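Now for the letters of each chain:
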Amino acid sequence: SCCRLQASNHRGSFWICAASCSHMPSLALFGATGNTGKAVLALALEQGYVVRALVRSPEKVTIKHDQLTLIQGGYDAVDEIKDTVKGCEFVICVAGGPMGSAGDYPKDLMLNFVKNLTVAIKESATTTKCFLYQAGFLAATPNEQAGRGLPWGTWLARSTVARFLEPNLQDHEAVMRHLENEKQASGLTSIVSLPPTLAAASKDKAPSRKLKPGDARSFRLNMGGITFDELAALTLEAVRDETAHGT
(Lines give C-alpha, C1' and ligand atoms only; values in the text may rest on other atoms or scores of the structure.)
Protein backbone atom coordinates (compact mmCIF):
# COMPACT_ATOMS: atom_id res chain seq x y z
CA SER A 1 0.00 0.00 0.00
CA CYS A 2 1.05 3.59 -0.38
CA CYS A 3 0.12 7.13 0.52
CA ARG A 4 -1.15 9.22 -2.41
CA LEU A 5 0.09 12.83 -2.44
CA GLN A 6 -1.18 15.44 -4.85
CA ALA A 7 1.37 17.38 -6.87
CA SER A 8 1.25 19.40 -10.06
CA ASN A 9 3.25 20.68 -12.99
CA HIS A 10 2.43 22.65 -16.12
CA ARG A 11 0.35 19.74 -17.42
CA GLY A 12 -1.96 19.84 -14.41
CA SER A 13 -2.43 17.99 -11.13
CA PHE A 14 -1.33 14.40 -10.63
CA TRP A 15 -0.82 11.92 -7.82
CA ILE A 16 2.41 10.44 -6.54
CA CYS A 17 2.80 7.40 -4.32
CA ALA A 18 4.74 7.65 -1.06
CA ALA A 19 5.77 4.65 0.99
CA SER A 20 3.51 5.28 3.94
CA CYS A 21 0.97 7.79 5.19
CA SER A 22 2.48 7.50 8.66
CA HIS A 23 5.62 9.33 7.54
CA MET A 24 5.32 12.64 5.75
CA PRO A 25 8.46 14.58 4.79
CA SER A 26 9.13 17.40 7.25
CA LEU A 27 10.69 20.78 6.57
CA ALA A 28 11.88 23.69 8.70
CA LEU A 29 11.70 26.90 6.67
CA PHE A 30 13.35 30.23 7.43
CA GLY A 31 12.47 33.25 5.29
CA ALA A 32 8.90 32.17 4.48
CA THR A 33 7.61 35.72 3.98
CA GLY A 34 10.10 36.68 1.26
CA ASN A 35 9.48 36.08 -2.44
CA THR A 36 11.53 32.88 -2.58
CA GLY A 37 10.19 31.71 0.77
CA LYS A 38 6.58 32.17 -0.30
CA ALA A 39 7.22 30.04 -3.39
CA VAL A 40 9.05 27.33 -1.40
CA LEU A 41 6.30 27.26 1.24
CA ALA A 42 3.49 26.93 -1.30
CA LEU A 43 5.26 24.20 -3.27
CA ALA A 44 6.34 22.27 -0.17
CA LEU A 45 2.77 22.11 1.12
CA GLU A 46 1.55 21.16 -2.35
CA GLN A 47 4.08 18.31 -2.40
CA GLY A 48 2.91 16.97 0.96
CA TYR A 49 5.53 18.33 3.34
CA VAL A 50 4.81 19.03 6.98
CA VAL A 51 6.26 22.54 7.36
CA ARG A 52 7.42 24.46 10.42
CA ALA A 53 8.29 28.08 9.60
CA LEU A 54 9.93 30.75 11.76
CA VAL A 55 8.52 34.19 10.94
CA ARG A 56 8.80 37.56 12.64
CA SER A 57 5.29 38.58 11.53
CA PRO A 58 2.91 35.59 11.21
CA GLU A 59 0.19 37.82 9.75
CA LYS A 60 2.31 38.15 6.58
CA VAL A 61 1.83 34.45 5.83
CA THR A 62 -1.41 34.24 3.87
CA ILE A 63 -1.39 30.46 3.38
CA LYS A 64 -3.54 28.46 5.80
CA HIS A 65 -2.84 24.73 5.90
CA ASP A 66 -3.24 21.86 8.35
CA GLN A 67 0.39 20.84 7.75
CA LEU A 68 1.82 24.30 8.40
CA THR A 69 2.99 25.45 11.84
CA LEU A 70 4.15 29.04 12.28
CA ILE A 71 6.57 29.94 15.07
CA GLN A 72 6.98 33.64 15.81
CA GLY A 73 10.53 34.90 16.26
CA GLY A 74 13.49 36.70 14.74
CA TYR A 75 17.06 35.82 13.79
CA ASP A 76 18.21 35.97 17.42
CA ALA A 77 15.34 33.92 18.92
CA VAL A 78 17.40 30.88 19.94
CA ASP A 79 14.60 28.87 21.58
CA GLU A 80 12.22 29.53 18.68
CA ILE A 81 14.90 28.50 16.17
CA LYS A 82 15.29 25.20 18.04
CA ASP A 83 11.52 24.75 18.12
CA THR A 84 11.29 25.32 14.37
CA VAL A 85 13.95 22.71 13.57
CA LYS A 86 12.53 20.14 16.00
CA GLY A 87 11.60 16.92 14.25
CA CYS A 88 12.40 18.13 10.72
CA GLU A 89 14.31 16.07 8.15
CA PHE A 90 15.14 19.06 5.96
CA VAL A 91 16.05 22.63 6.87
CA ILE A 92 15.92 25.45 4.30
CA CYS A 93 17.02 29.04 4.86
CA VAL A 94 16.05 31.54 2.17
CA ALA A 95 16.14 34.49 4.56
CA GLY A 96 18.30 37.56 4.03
CA GLY A 97 19.28 40.89 5.51
CA PRO A 98 18.34 44.44 4.47
CA MET A 99 19.82 45.79 1.25
CA GLY A 100 21.55 49.13 1.36
CA SER A 101 24.73 50.77 2.57
CA ALA A 102 27.15 49.13 4.98
CA GLY A 103 25.77 51.29 7.78
CA ASP A 104 22.29 49.83 7.26
CA TYR A 105 23.39 46.22 7.52
CA PRO A 106 23.75 44.64 11.00
CA LYS A 107 27.23 43.13 11.29
CA ASP A 108 27.31 39.34 10.88
CA LEU A 109 23.50 39.19 10.79
CA MET A 110 23.19 35.94 8.83
CA LEU A 111 26.39 34.45 10.23
CA ASN A 112 25.16 34.76 13.82
CA PHE A 113 21.75 33.41 12.84
CA VAL A 114 23.20 30.40 11.02
CA LYS A 115 25.53 29.66 13.93
CA ASN A 116 22.46 29.40 16.17
CA LEU A 117 20.69 27.39 13.49
CA THR A 118 23.48 24.85 13.05
CA VAL A 119 23.61 24.33 16.83
CA ALA A 120 19.85 23.70 16.78
CA ILE A 121 20.21 21.23 13.89
CA LYS A 122 22.91 19.28 15.71
CA GLU A 123 20.92 19.23 18.96
CA SER A 124 17.67 18.14 17.32
CA ALA A 125 16.45 14.70 18.33
CA THR A 126 15.71 13.98 14.66
CA THR A 127 18.68 13.59 12.34
CA THR A 128 18.43 16.35 9.74
CA LYS A 129 19.23 14.92 6.33
CA CYS A 130 20.20 18.21 4.73
CA PHE A 131 20.41 21.95 5.40
CA LEU A 132 20.15 24.28 2.40
CA TYR A 133 21.31 27.88 2.69
CA GLN A 134 20.52 30.39 -0.05
CA ALA A 135 23.16 33.03 -0.75
CA GLY A 136 23.30 34.47 -4.28
CA PHE A 137 25.36 34.10 -7.44
CA LEU A 138 27.44 37.21 -6.64
CA ALA A 139 28.80 35.63 -3.45
CA ALA A 140 32.10 33.75 -3.70
CA THR A 141 32.26 30.14 -2.56
CA PRO A 142 34.97 29.12 -0.04
CA ASN A 143 37.13 27.79 -2.90
CA GLU A 144 36.70 31.05 -4.81
CA GLN A 145 37.43 33.04 -1.66
CA ALA A 146 40.60 31.01 -1.10
CA GLY A 147 42.21 32.14 -4.31
CA ARG A 148 40.44 31.13 -7.50
CA GLY A 149 38.20 34.19 -7.40
CA LEU A 150 34.83 34.86 -8.97
CA PRO A 151 34.19 34.32 -12.68
CA TRP A 152 35.05 37.54 -14.53
CA GLY A 153 31.47 38.49 -15.42
CA THR A 154 30.28 37.87 -11.85
CA TRP A 155 33.16 39.92 -10.43
CA LEU A 156 32.39 42.79 -12.81
CA ALA A 157 28.70 42.88 -11.83
CA ARG A 158 29.58 42.78 -8.13
CA SER A 159 32.16 45.56 -8.52
CA THR A 160 29.84 47.92 -10.39
CA VAL A 161 26.03 47.73 -10.48
CA ALA A 162 25.76 45.52 -7.39
CA ARG A 163 28.20 47.34 -5.10
CA PHE A 164 25.34 48.20 -2.74
CA LEU A 165 25.03 44.47 -1.93
CA GLU A 166 28.60 44.16 -0.62
CA PRO A 167 27.66 43.92 3.12
CA ASN A 168 25.12 41.20 2.32
CA LEU A 169 27.56 39.28 0.14
CA GLN A 170 30.36 39.42 2.71
CA ASP A 171 27.93 38.06 5.31
CA HIS A 172 26.88 35.23 2.95
CA GLU A 173 30.54 34.39 2.36
CA ALA A 174 31.16 34.20 6.11
CA VAL A 175 28.19 31.81 6.38
CA MET A 176 29.65 29.60 3.64
CA ARG A 177 32.99 29.43 5.47
CA HIS A 178 31.14 28.52 8.67
CA LEU A 179 29.23 25.73 6.93
CA GLU A 180 32.44 24.40 5.41
CA ASN A 181 34.03 24.34 8.87
CA GLU A 182 30.95 22.61 10.29
CA LYS A 183 31.13 19.97 7.57
CA GLN A 184 34.72 19.21 8.52
CA ALA A 185 34.13 19.31 12.29
CA SER A 186 30.72 17.69 12.72
CA GLY A 187 29.77 16.19 9.37
CA LEU A 188 26.85 18.59 8.89
CA THR A 189 25.28 17.92 5.50
CA SER A 190 24.57 21.18 3.72
CA ILE A 191 23.97 22.74 0.31
CA VAL A 192 24.61 26.36 -0.63
CA SER A 193 22.28 27.75 -3.26
CA LEU A 194 23.61 30.54 -5.49
CA PRO A 195 20.53 31.65 -7.44
CA PRO A 196 20.81 34.18 -10.28
CA THR A 197 18.62 37.22 -10.89
CA LEU A 198 15.10 36.39 -9.73
CA ALA A 199 11.76 37.52 -11.08
CA ALA A 200 8.07 36.76 -10.76
CA ALA A 201 6.65 34.42 -13.38
CA SER A 202 5.08 35.98 -16.46
CA LYS A 203 1.79 34.66 -17.77
CA ASP A 204 3.26 34.77 -21.26
CA LYS A 205 6.33 32.69 -20.36
CA ALA A 206 6.82 29.04 -21.18
CA PRO A 207 6.41 26.50 -18.35
CA SER A 208 9.15 26.35 -15.71
CA ARG A 209 12.44 24.89 -16.89
CA LYS A 210 14.17 21.90 -15.38
CA LEU A 211 17.12 23.31 -13.45
CA LYS A 212 20.08 21.49 -11.93
CA PRO A 213 22.24 22.42 -8.91
CA GLY A 214 25.23 22.82 -11.23
CA ASP A 215 23.52 25.70 -13.02
CA ALA A 216 24.63 28.17 -10.30
CA ARG A 217 27.53 29.53 -12.37
CA SER A 218 25.67 29.51 -15.69
CA PHE A 219 26.29 32.89 -17.35
CA ARG A 220 23.14 32.47 -19.43
CA LEU A 221 20.97 31.89 -16.36
CA ASN A 222 22.66 34.57 -14.29
CA MET A 223 22.03 37.18 -16.95
CA GLY A 224 18.60 35.93 -18.03
CA GLY A 225 17.32 35.10 -14.55
CA ILE A 226 14.87 32.52 -13.31
CA THR A 227 11.50 32.77 -11.59
CA PHE A 228 10.84 32.31 -7.88
CA ASP A 229 8.73 29.26 -8.74
CA GLU A 230 11.62 27.69 -10.64
CA LEU A 231 13.97 28.36 -7.73
CA ALA A 232 11.48 26.83 -5.28
CA ALA A 233 11.29 23.65 -7.36
CA LEU A 234 15.09 23.45 -7.58
CA THR A 235 15.45 24.07 -3.84
CA LEU A 236 13.11 21.25 -2.83
CA GLU A 237 14.60 18.91 -5.40
CA ALA A 238 18.13 19.65 -4.17
CA VAL A 239 17.53 18.76 -0.51
CA ARG A 240 16.05 15.41 -1.56
CA ASP A 241 18.89 14.67 -3.99
CA GLU A 242 21.74 13.07 -2.02
CA THR A 243 24.12 13.65 -4.92
CA ALA A 244 23.67 17.40 -4.36
CA HIS A 245 24.45 17.24 -0.63
CA GLY A 246 27.69 18.96 0.28
CA THR A 247 27.67 21.20 -2.83
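Everything below is about the structure shown above.
As a starting point, this report considers the structure included with it. (Residues numbered from 1 in each chain as written. Predicted model: local features only at pLDDT ≥ 70, side-chain atom pairs only at ≥ 80, totals over all residues. Heavy atoms only, no water.)

### Describing the overall build of the protein
In terms of helices and strands, the protein carries eight helices and ten strands. Per-residue burial over the protein gives 47% buried out of 247 residues. Of all intrachain contacts in the protein linking residues separated by at least 6 positions in sequence, the fraction that spans at least 24 positions is 64%. Just so you have it, the protein exposes about 12900 Å², and 52% of that area is on carbon and sulfur atoms. (Helix = DSSP H or I, 4+ residues; strand = E, 2+ residues; numbered from the N terminus. Buried < 20%, exposed > 50% of the residue type's maximum accessible area, 1.4 Å probe, protein only. Contact = heavy atoms within 4.5 Å. Areas by Shrake-Rupley, 256 points an atom, 1.4 Å probe, with all protein chains shown as cover.)

### Points about the sheet that holds strand S5 (residues 68–72)
On the basis of which strands lie adjacent, the open sheet formed by six strands has the order S5-S4-S3-S6-S7-S8 and parallel pairing. Lying at the two open borders of the sheet, with one neighbouring strand each, are S5 and strand S8 (190–193). For this sheet the average axis-to-axis angle between neighbouring strands, irrespective of direction, equals 15°. In terms of strand pairing, strand S3 (residues 26–30) meets strand S6 (residues 90–93) through four bridges, oriented parallel. Note on S6: the bridge partner recorded for Phe 30 is Cys 93. (Pairing = 2+ DSSP bridges. Axes fitted to C-alpha atoms, helices over the stretch in contact; angles between N-to-C directions.)

### A short note on helix H5 (residues 152–159)
Residues of H5 that are buried include every one of Thr 154, Ala 157 and Arg 158, and no others. Looking straight down H5, one finds that the buried residues subtend no more than 100° of arc, so they occupy a single side. Tucked inside the fold, the buried residues of H5 contact helix H6 (166–186). (Arc of directions from axis to C-beta.)

### A short note on the pairing of S3
Within S3, five of the five residues are buried, which leaves it mostly tucked inside the rest of the structure. Residues Ser 26, Ala 28 and Phe 30 of S3 are buried on one face, and the alternating residues Leu 27 and Leu 29, pointing to the opposite face, are buried as well. As judged from the five bridges shared by S3 and strand S4 (residues 50–55), these two strands associate in the parallel manner. Directly across from Leu 27, in S4, lies its bridge partner Val 51. Remark: the S3/helix H1 (residues 35–46)/S4 crossover connection has right-handed handedness. (Right-handed = clockwise from strand over helix to strand, strands pointing away.)

### Comments concerning unusual backbone geometry
Even without being glycine, Asp 108 reaches a positive phi, approximately 55°. If you trace the backbone, Asp 108 turns up in the loop between S6 and helix H3 (109–123). In this structure Asp 108 comes out as partly exposed when scored by relative accessible area, which is 27%.

### Considerations on the packing of H1 against helix H8 (residues 228–240)
Put simply, H1 and H8 touch, their axes get as near as 8 Å, and they point 60° apart. On the basis of their axis angle, the class for H1 and H8 is oblique. By crossing handedness, the relation of H1 to H8 is classed as right-handed. Contacts between H1 and H8 involve Asn 35, Thr 36, Ala 39, Val 40, Leu 43 and Ala 44 from the first element and Phe 228, Asp 229, Leu 231, Ala 232, Ala 233, Thr 235 and Leu 236 from the second. (Parallel < 35°, antiparallel > 145°, perpendicular 65-115°, else oblique. Left-handed = near helix turned anticlockwise from the far one by under 90°.)

### So, the pattern of salt bridges
Following the criterion strictly, the structure yields nine salt bridges and no others. The salt bridge involving Asp 83 is made with Lys 86; its shortest N-O contact spans 3.2 Å. Counted as one network, the salt bridges with shared partners bring together Arg 52, Asp 83 and Lys 86. (Salt bridge = Lys/Arg side-chain N within 4 Å of Asp/Glu carboxyl O.)

Read these as layout, nothing more, since geometry by itself doesn't imply function.
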